[in-house]
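Below are the chains, spelled out letter by letter.
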Amino acid sequence: MSATTQSSSMEAPPEPTSETTTDPVSTDGRSTRWDDHRAARRAALVNATRKAVHRKGSDVSMEEIAAFAGTSKSIIYRYFEDKVGLQIAVGAQVVAEIRDALDQALHSAESLRDGIAAMVDTYLAMIEHSPNVYYFVTRTGSIIGNDAGPRITGDGRPPLTTFIDEIDELMRVPAVRELGLDEVAASAWATGQSSFVRGTGEWWLARRGQPGVPDRDALAEQITTWLWEGVTAASRAASGPKSTAKES
């Protein structure tokens, strides 16, 4: 199996072709141009950060990020409060891309099982492409929403909290329609599915290449079977049918 949805790259999206735009209905053109410039500059710094993290590691310093972006830390701090603020912005962009890719994978499939398989493969492909970026945006308390203070994004919640809720909802709807589950059972099933895939994916990401650890395609199929048929059914399939003949 291979991912057939959106690009699996987590390094950074293409740079915009134009840095600013002008709002023709604005009553203050200078203010609008400044807002557009600031938004474009923030986006460019987020992309540069993703590239720096991809190449240098998830513990990259602000000095290294600034050097990679061709600027200084003081300039970055004009657009982001601190490194955590920059991580939150990167996290919001990354989780939005994963969400959109999973949405496309599910809705491009002919059945719910095929959709689950496509989503699992897409998720594994995206985190495999750049483990550094994945760890950069998932191993910070402010990103996942368990730090001491409220560091949030546009919808009032940490990026990963929003992402997990949206994926749960994405899975809940077909569970009601195709599996005949009630709303409560479908919600529990969807939450369990997404948590299991993420946990198993991170387990695999830390162990790729070790003896006995499956490659991405094999793991994607294994996870899909576990989710759809249950681990006991998967175990029976792997071991083959048991003999029913009585021992003499």
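Whatever comes next refers back to the structure up there.
Keep in mind that this is a model prediction, so the values were computed, not measured.

(A) Quick peek at the packing of aromatic side chains. Taken as a whole, this structure holds three aromatic pairs when the rule is applied. Where Phe196 meets Trp226, the ring centres are 6.0 Å apart and the plane angle is 80 degrees; that geometry is what we call edge-to-face. Separated by 30 residues along the polypeptide, Phe196 in helix 9 (residues 183-205) and Trp226 in helix 10 (residues 216-229) bring together distant segments of the chain. Note on Phe196: relative accessible area 34%, which makes it partly exposed.

(B) Quick peek at the layout of surface pockets. If you add up the space inside the largest pocket, you get close to 250 Å³. Around the largest pocket, the lining comprises 15 residues; the ones closest to its centre are Leu102, Ile167, Gln193, Ser194 and Val197. Residue assignment for the lining of the largest pocket shows that the elements contributing at least two residues are helix 5 (112-129), helix 8 (159-179) and helix 9. When residues of the lining of the largest pocket are assigned to their parent elements, the largest contribution, five residues, is made by helix 9. Classifying every residue of the lining of the largest pocket by side-chain character gives eleven nonpolar, three polar and one charged.

(C) Quick peek at the packing of helix 6 (residues 131-138) against helix 9. Axis separation between helix 6 and helix 9 bottoms out at 12 Å; the angle between their running directions is 130 degrees. When the axis of helix 6 is compared with that of helix 9, the two are oblique. As for the relative orientation of helix 6 and helix 9, their crossing is left-handed in sense. Contacts from Pro131, Tyr134, Tyr135 and Thr138 of helix 6 reach helix 9 at Arg198, Glu202 and Leu205. Residues of the contact of helix 6 with helix 9, tallied by class, amount to four nonpolar, one polar and two charged.

(D) Molecular detail of the pattern of salt bridges. Counted under the stated rule, the structure contains twelve salt bridges. The salt bridge partner of Arg216 is Glu128, with a shortest N-O separation of 3.2 Å. A residue pair is termed long-range when its members are at least 10 positions apart, and Arg216 in helix 10 and Glu128 in helix 5 qualify at 88 residues. Arg177 is the partner of Glu178 in a salt bridge, and the nearest nitrogen-oxygen pair spans 3.6 Å.

Procedures and definitions
- Residues numbered from 1 in each chain as written.
- Predicted model: local features only at pLDDT ≥ 70, side-chain atom pairs only at ≥ 80, totals over all residues.
- Heavy atoms only, no water.
- Phe/Tyr/Trp six-rings, centres within 6.5 Å; stacked < 30°, edge-to-face > 60°.
- Helix = DSSP H or I, 4+ residues; strand = E, 2+ residues; numbered from the N terminus.
- Buried < 20%, exposed > 50% of the residue type's maximum accessible area, 1.4 Å probe, protein only.
- 1 Å grid on protein atoms, 1.4 Å probe; cavity = no way out; pocket = protein on both sides within 12 Å on 5 of 7 lines; lining within 4 Å.
- Points joined across faces, edges and corners; volume = space filled by probe spheres on them.
- Nonpolar A, V, L, I, M, F, W, Y, C, P; charged D, E, K, R; others polar.
- Axes fitted to C-alpha atoms, helices over the stretch in contact; angles between N-to-C directions.
- Parallel < 35°, antiparallel > 145°, perpendicular 65-115°, else oblique.
- Left-handed = near helix turned anticlockwise from the far one by under 90°.
- Contact = heavy atoms within 4.5 Å.
- Salt bridge = Lys/Arg side-chain N within 4 Å of Asp/Glu carboxyl O.

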